[in-house]
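# Architecture at a glance
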Amino acid sequence: MAEMIAPTGDTAATAIERTAIAAETVGPPPTERIGALRWMRRNLFNSPFNSVLTLLALGLITYWGIGFFEWGILNAVWYTKDSNVCRQATGACWAVIVEKHRPMLFGLYPYEEHWRLVIALVVYLGTVSATLAPPFWKKQILVPMWIVSLAVMGTLMWGGIFGLTYVDASDWGGLPLTMVLFTGTLIFGFPIAILLALGRRSRLPAVKAISVTLIESMRGVPLITILFVAVNVFPLFLPEGMDINKMLRVVIGMAIFFACYQAEVIRGGLQAIPRGQYEAAEALGLSYWRMTYKIILPQALRICLPGIVNHIIAAFKNTSFVLIIGLFDILTATTSVMQDPLWRRYFVEAYLFVAAVYFIFCFALSKYSHQVERWLNEGRRF
Amino acid sequence: MANQAAARQAETAETVIQLADVNKWYGEFHALKDVSLTVKRGERVVVCGPSGSGKSTMIRCINRLEEHQRGSIVVDGIELTDNLKNIEAIRSEVGMVFQSFNLFPHLRVMDNLTLAPMWVRKMPKADAEEIAMEYLRRVRIPEQAYKFPGQLSGGQQQRVAIARALCMQPKIMLFDEPTSALDPEMIKEVLDVMIELAESGMTMIVVTHEMGFAKTVADTMVFMDAGEVVEIASPKVFFENPTSDRTKLFLSQILSH
C-alpha cells in the first residue's frame, strides 16, 4: 500500500523545475529589442497609406495644439476683477472661473457659510478615498466611519445646531449637491439592484413578477419623468399632512432608476456562473442567502465589474438632470451664474471648468475600477 | 481481507440510504425507472454503466440536487421531501465530489474548506482551519492551503474537493465520476485518496468507470442501464460471473482494452 501512495506531488513546482532545466540547455527566449525608431516604423509607417495617415494626423494635432495653446495659455487672461480686461484680450478668460467659482461650486448656499461646504467636501472625499482602499475593507471600520462622516456632513450642510445657521436642503447646490445625489443613488440603488437581479432569476413566481415589472417599466421611462413624478406627482398620493423630504424623494427616484439598469448588468454576471458552483454550495448544505452572499455574488460582480462601473459613471453624470426640478447642481449653478451680463460671453471657459470637474471624477472612477480588476486577478486564473 | 471484514460488518450494520422504486423524468424522458437500492453503514457501493444510464442522476437524487418524482428516498432516517429543513439536514451529512471539482475559484483552498463548517456547522474559525489542515494532510497537499484553486493541477483540485466535503465530517460520501475529467497521470493520486478513505470505514457511493478501483474497494457493485438497476452483486460475482447479458456486454467492452 505504502508504495502506491504518490509522493506529495506539487506538479506546478515540478513543471517550473523542468522549464528551469530546459532554459539552461537551450538558453533564454530571444528578447525583443524595441527601439523608438523600430516601434514607429512598425506601428506608424508600416505602409504608404499608414504613413500618409500618420503625417496627416500629426499635422492636425499640431495645428489644433498650437491654436489651443495660443488661446488657452499664451493670450489668456488669468486673473482680473474687471471683465473689460477680458474683452480686450484675444485669448481665453479664465478669470471668470476665479471670479465666479464660489456660486458655481456651491450654488445658492449662503455665501458666508461656504466654509461649511468646503469642510463637508473634504470629509466626503476623505471618507470615499478611505472606503476605496483595501485596508479599510472591514465592517468594523467602514460602518462607523460612514456613520460618523455622514453625521458630520449632515450637521455642516443643514446646520441648525452648534450655533450654525439652518440651511434648507432646497438651498443646497453645486458640487456638494452633486455628491449628495450621487452617493445617495449608490447607497440606496446598489442593494436594490442586487435584489432585483436575484429576484428576476427567482423560482418564486411573485418575486420574479415584481422584479420583471419594476425593471421593465423603469427602463421604459426617461429619468426626467421619474424625477418629475417623484417631486410633483408622488406627494399627491401621500395622506394629508404627511411629507417626505424632497431631496430624499429625488434621491430614491434616481436610485430606483439606477437600480433597474444595474440589475440587468448584475443579472448578466449571475448568468455566467456555472451550475456547478450552485450545486457545490448546495451539496455543502449552504442556505440560499449564504450561497448567494459567499459564492455567487462575489464571482458574478467580478465578472460584470466593467458594466457596473459604466452605470456608476452614468449615474454620476445623470445627477445633472435635477435642473428640471429646480435643484442647482454644479452644471445648473454654472448656467445660472453665466446669466451675469458682464461675464456671460465667457461661458465656454466656465463650462470647460465644469467639464474638467466631471472628467476628474469619472476618470478617477474608471482608473480605480481597473485597479480593482487587477487586485481581483492577482494569483487567480480560471 | 480488510474488505471482507468490512463486508461482514456491513451485513449487520443499519441501513443509511434506502431508495425504493424511485422514478424520475426529464420532460418525456424516463431517466430513472423503479430504482431501488439499500446502502448500509460503512458499505462501499460502486455504480457503473454506460453513459446516459442514470447513474449520476441517481446519486444526485440522494442529496436532492435532482428531484425524484415517484418513490421514496430515506437518508440517515430522514425522508427527502420538499421540506427545506430536511434537505439542508441531509446535505450537511452527505458529502459530494463532482466530476468537474466545482471548487470556488474566488476563494483560497483554505477558505474553500472552512466555508461550510463555519457557516453551516457554526464552527469557530480556528477550529475549522485546524480540521481543514488535517484533511489537507490526509489528501497530501497541506502546502497548497493558501493558493487559489486555479493554481492547482486537476488532480490536486479534486483532492481539495474531497477534503472540502470531508471537512463537514459527513456520514456518507457520494462521488460522481471523480476521475473522468482528469489527465491519466493524475487519476491515481485521486484514487489513492479514495482508497484510503474507504479503508477508514466511510460509507461511499462511487459512480466510476475505474474497474480496478471497484475491484479494490467495492463491497457491492451496481450496474445500471437505460435508467434501471440491472444487477446488484458482490464484486467477485459481478466480475467473474454476472447474471445479466447486458452486464456481460458492458464488462466485455470496458475491460477489453
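Along each chain, the written sequence defines residue order, and numbers are assigned to residues from 1. For naming, the first written chain is A and the first written ligand is 1, with later ones following in the order written. Given that the model is predicted, a residue must reach a pLDDT of at least 70 before its local features are reported, and side-chain atom pairs must reach 80 or more before they are shown or counted; all residues, however, enter totals for whole chains, interfaces and linings. Water and hydrogen atoms play no part in the side-chain values, which are based on all heavy atoms of the structure.

## Section: the packing of helix H11 (residues 246-271) of chain A against helix H13 (residues 288-303) of chain A
When two helices pack together, their arrangement is given by the angle between the helix axes and the distance between those axes. All names here are of chain A. Using the following cut-off: Here the axes come from fitting lines to C-alpha atoms, over the contacting stretch only for helices, and the angles between their N-to-C directions go from 0 to 180 degrees. Here a strand is any run of E in DSSP of at least two residues, a helix any run of H or I of at least four, and the numbering for each starts at the N terminus. In what follows, roughly perpendicular refers to angles from 65 to 115 degrees, roughly parallel to angles under 35, roughly antiparallel to angles over 145, and oblique to any angle outside these ranges. For any pair of crossing helices, the crossing counts as left-handed if the nearer helix is rotated counterclockwise from the farther one by less than a right angle, and right-handed if it is rotated clockwise. For this analysis, residues touch if any pair of their heavy atoms sits within 4.5 Å.
Their axes nearest at 8 Å, the elements H11 and H13 cross at an angle of 115°. When the axis of H11 is compared with that of H13, the two are roughly perpendicular. Between H11 and H13 the crossing geometry is right-handed. Residues Ile266, Gly269 and Leu270 of H11 pack against Ile296, Leu297, Ala300, Leu301 and Ile303 of H13.

## Points about the pairing of strand E10 (residues 228-233) of chain B
Strand residues, when the strand is regular, have side chains that alternate between the two faces of the sheet. All names here are of chain B. Our working definition: Note: two strands are recorded as paired if DSSP finds a minimum of 2 bridges between them.
Pairing between strand E9 (residues 220-225) and E10: five bridges, direction antiparallel. The residue bridging Met221 from the neighbouring strand is Ala233, located in E10. Counted along the chain from E9 to the antiparallel partner E10, the turn is two residues long, and its residue Ala226 has a positive phi close to 50°.

## Focus on the sheet that holds strand E2 (residues 29-40) of chain B
All names here are of chain B. Read across the sheet, four strands follow the order E2-E1-E4-E5 without closing on themselves; strand pairing throughout is antiparallel. Sheet topology places E2 and strand E5 (78-79) at the edges, where each strand pairs with a single neighbour. One ladder, built from eight bridges, connects strand E1 (residues 15-26) with E2; its direction is antiparallel. The residue of E2 that forms the bridge with Trp25 is His30. Against the sheet, helix H2 (residues 55-62) makes contact with E1, E2 and strand E4 (70-75), and its axis sits at roughly 120° relative to E1, the strand it touches most.

## What to know about the pattern of salt bridges
Close approach of charged atoms lets side chains of opposite charge pair. Residues and elements named next belong to chain B. The condition that has to hold: For this analysis, a salt bridge means a side-chain nitrogen from Lys or Arg found within 4 Å of a carboxyl oxygen belonging to Asp or Glu. With a 1.4 Å probe rolled over the protein chains alone, any residue whose accessible area is under 20% of its type maximum counts as buried; one over 50% counts as exposed, and the rest are partly exposed.
All chains considered together, the criterion is met by 25 salt bridges over all chains. For Arg64, the salt bridge is made with Asp82, and the minimal N-O distance between the two is 2.8 Å. Of the two residues, Arg64 is situated in the loop between H2 and E4 and Asp82 in the loop between E5 and helix H3 (84-93); the sequence distance between them amounts to 18 residues. Judged by relative accessible area, which is 9%, Arg64 ranks as buried. Among the residues examined, Asp82 registers a relative accessible area of 60% and is labelled exposed. Taking the shortest distance from any N to any O, the salt bridge between Lys188 and Asp192 comes out at 3.0 Å. In this pair, Lys188 and Asp192 are both assigned in helix H7 (residues 184-199), four residues apart and thus about one turn of the helix distant. Accessibility expressed as a relative area gives 39% for Lys188, which makes it partly exposed. Overall, Asp192 belongs to the buried group, its relative accessible area being 2%.

## So, a nonpolar patch on the surface
Residue and element names in this part refer to chain A. Worth spelling out the cut-off: Surface patches are drawn from residues lacking salt bridges whose relative accessible area is over 30%; two like charges belong together within 9 Å, two nonpolar side chains (Val, Leu, Ile, Met, Phe, Trp, Tyr) within 5 Å. Note that accessible areas follow from Shrake-Rupley with a 1.4 Å probe, and for residues the cover is restricted to the protein chains shown.
There is a patch of nonpolar side chains on the surface, built from Phe69, Ile73, Leu74, Trp78, Tyr79 and Val98 and spanning about 640 Å² of accessible area. At three residues, the largest contribution of residues to the nonpolar patch is made by helix H3 (residues 48-74). Relative to the helices and strands, Ile73 is located in helix H3.

## Overview of the environment of Ile215 of chain A
All names here are of chain A. Turning to its location among the elements, Ile215 is positioned in helix H9 (residues 205-219). Spatially, the C-alpha atoms of Ile215 and Ala193 are 9.5 Å apart, while their sequence positions differ by 22 residues. When near neighbours in sequence (up to four residues on either side) are disregarded, Ile215 contacts Leu196, Arg200, Cys260, Ala263 and Glu264.

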